[in-house]
Amino acid sequence: MNILKNTFGKEEKLCSEKDIENLYKVGSSFLNHPIVFYYLLMPDLKDTQVLVSVSKKKFKNAVDRNLIKRRLREAYRLHKFALTHKYHLALVYIGNEMLPYQQIERSVTQGLERIAKG
RNA sequence: AAAGCAAGCCGGCUUGUCGCUGUUUGAGAUCGCAAGAUCGAGAAGAGAGGAAAGUCCGGGCAGUACAGAGCACCGCACUUCUUAACAGGAAGGUGCUGUCAGCCUUGGCGGACAGCAACGGAAAGGGCCACAGAAAAAUACUACCAUCAACUUCGGUUGUUGGAAAAGGUGAAAAUGUGAGGUAAGAGCUCACAGGUCUGUUUGGCAACAAAUGGAUCGGGUAAACCCUGCGGACUGAAAGACCAAAUACACCCCAAUGAAACGGCUCGUUUCGCUAUAGGGGAGGGUAGGUUGCUAGAUCCUAACGGUGACGUUAGGGUUAGAUAAAUGACAGGUUAAAACAGAACCCGGCUUACUGGCUUGCUUUUUUC
RNA sequence: GGCGCCGUAGUUCAAUGGAUAGAAUAGAAGUUUCCUAAACUUUAGAUAUGAGUUCGAUUCUCAUCGGGGCCA
């Protein structure tokens, strides 16, 4: 277990525009309120790559968007070993109001388990 | 002490576990003869604001354009100062509003204090001023006065021509106001007092302007509608700009080369295909993904002294590593009586505006208590 | 990050600075009909917000709020 650290470095972030387009076009998706999960199996990857998104229309202030993104990232970081394979993954927050960390964490956990089952 | 108003300042701290982004150091690993290059566990220390916001002004910086001048367009507008610059700021002037006390007196005067002002020109020009009103800028409807004509109940009535701008109470605004003279009736037509505008002189002030005095004049408002005058402005913004550059494709250049296959043991030879082509290799090009740079020490901050009414300036001493790139500060459990508000750097500064928790300091006003 | 544009009834659009902001459609009530539709009559409903200029502001100026657009 010591080898599997709860890190979240640059290699685990999805940055390439082409990969993002491909994920939204080809990848599967489902809703686990208040988060939409997009995922695509990528067996050759070294690490699963993740992006986090919050709509500017739903949250006007940059502070609120940052806080939600931080909570999503934190929840993913602590529970990413639920995944057994490597994926491209997108977490899109579509809720209309701020939720506390515990609810977001529960939603992320359930979503990751569903992806791991296939 | 409490309440209210105004100005200024602060804009949480801290313990533990896990994690993020730079900087410094770095066990060790890989490549290499070496020099060195790449990766890198761990450690140390740093890591959003007073508004980072809105993008409303002004600059730096960068690129493009550019002989000079003018027009157009845009912006600004009392004066002086401040500054890199400004539509910011300081001081002053003028005007308006409010409060207070005073004077004459019943609506004015000058004074103190506070607040506000996009505060050049309407006497360069044309335009507009609804409704109402005779009339909205040099206009004439009623009424007034004079002359003439007609009629006449001899009181006048009606009409023509002319004078006049006093009366009409409508309007947001009515030809400067009051009084007297004057006249056929009237009129700044004349006079006195008061007021406004333009202008000359003297005094004070750097200036705006103020005071005194002389002359001319009485021309409504609107420039935050057009316009005129003066001053300023080239355009575009870090998604600017500079450098390196994978794969693929494209147009260009070079190379191999007396091509390939079949008949045949081989050469020559013959047949077919190709025959200036295609395919292959290489070069260089702009340039995509991506990367490096621009990229954080500055018109910088604090303190003191001096100069200045002040904004601010000068000198001295001290302090000061955020620099990300789908974008770094979070999660959990506590402590601090409570930690809550507005809110997240994106090239950098000076202002303005807007949002806001709790508290501190100073000044003013009111009430209460004690000396 | 930067640059320009626009906010009028529930909706789509008008309105030289000038009377009570107009039209279509949607809504409500009524007439007609056995009932509905259509038609007809009536009615309610708005200048994003706050200041300023002006006698007077949807219009002009400033600030704030909101919406959508362009630049890789």
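If you're wondering where the values come from, they're calculated on a predicted model, not measured in any experiment. (Residues numbered from 1 in each chain as written. Chains lettered and ligands numbered in written order. Predicted model: local features only at pLDDT ≥ 70, side-chain atom pairs only at ≥ 80, totals over all residues. Heavy atoms only, no water.)

A. Layout of the packing of aromatic side chains. Applying the stated criterion across every chain yields a total of three aromatic pairs. With a centroid separation of 5.1 Å and an interplanar angle of 10 degrees, the aromatic rings of Phe30 and Phe37 are classed as stacked. In this structure, Phe30 and Phe37 share a single accessibility class: buried. On the basis of an interplanar angle of 75 degrees and a centroid distance of 6.3 Å, the ring pair of Tyr39 and Tyr87 is categorised as edge-to-face. In this pair, Tyr39 sits in strand 2 (residues 35–41) while Tyr87 sits in strand 4 (residues 87–93), placing the two residues 48 residues apart along the sequence. (Phe/Tyr/Trp six-rings, centres within 6.5 Å; stacked < 30°, edge-to-face > 60°. Buried < 20%, exposed > 50% of the residue type's maximum accessible area, 1.4 Å probe, protein only. Helix = DSSP H or I, 4+ residues; strand = E, 2+ residues; numbered from the N terminus.)

B. Local environment of the protein's contact with RNA strand B. Within the structure, RNA strand B sits among 18 residues, and Lys10, Asn66, Arg70, Glu74 and Arg77 are positioned closest to it. Backbone atoms, meaning sugar plus phosphate, form 81% of the atoms of RNA strand B positioned within 4 Å of the protein. A distance of 3.1 Å separates a phosphate oxygen of RNA strand B from a polar side-chain atom of Arg73. Contacts to RNA strand B include Arg77, whose side-chain N or O atom sits 2.8 Å from a sugar or linking oxygen. Secondary structure elements with two or more residues in the surface near RNA strand B: helix 2 (62–79) and helix 3 (101–117). The biggest single contributor to the surface near RNA strand B is helix 2, with nine residues. Its residues assigned to classes, the surface near RNA strand B comprises six nonpolar, five polar and seven charged. (Near = heavy atom within 4 Å. Polar contact = N/O pair within 3.5 Å; in protein donor to acceptor, adjacent residues only side chain to side chain. Nonpolar A, V, L, I, M, F, W, Y, C, P; charged D, E, K, R; others polar.)

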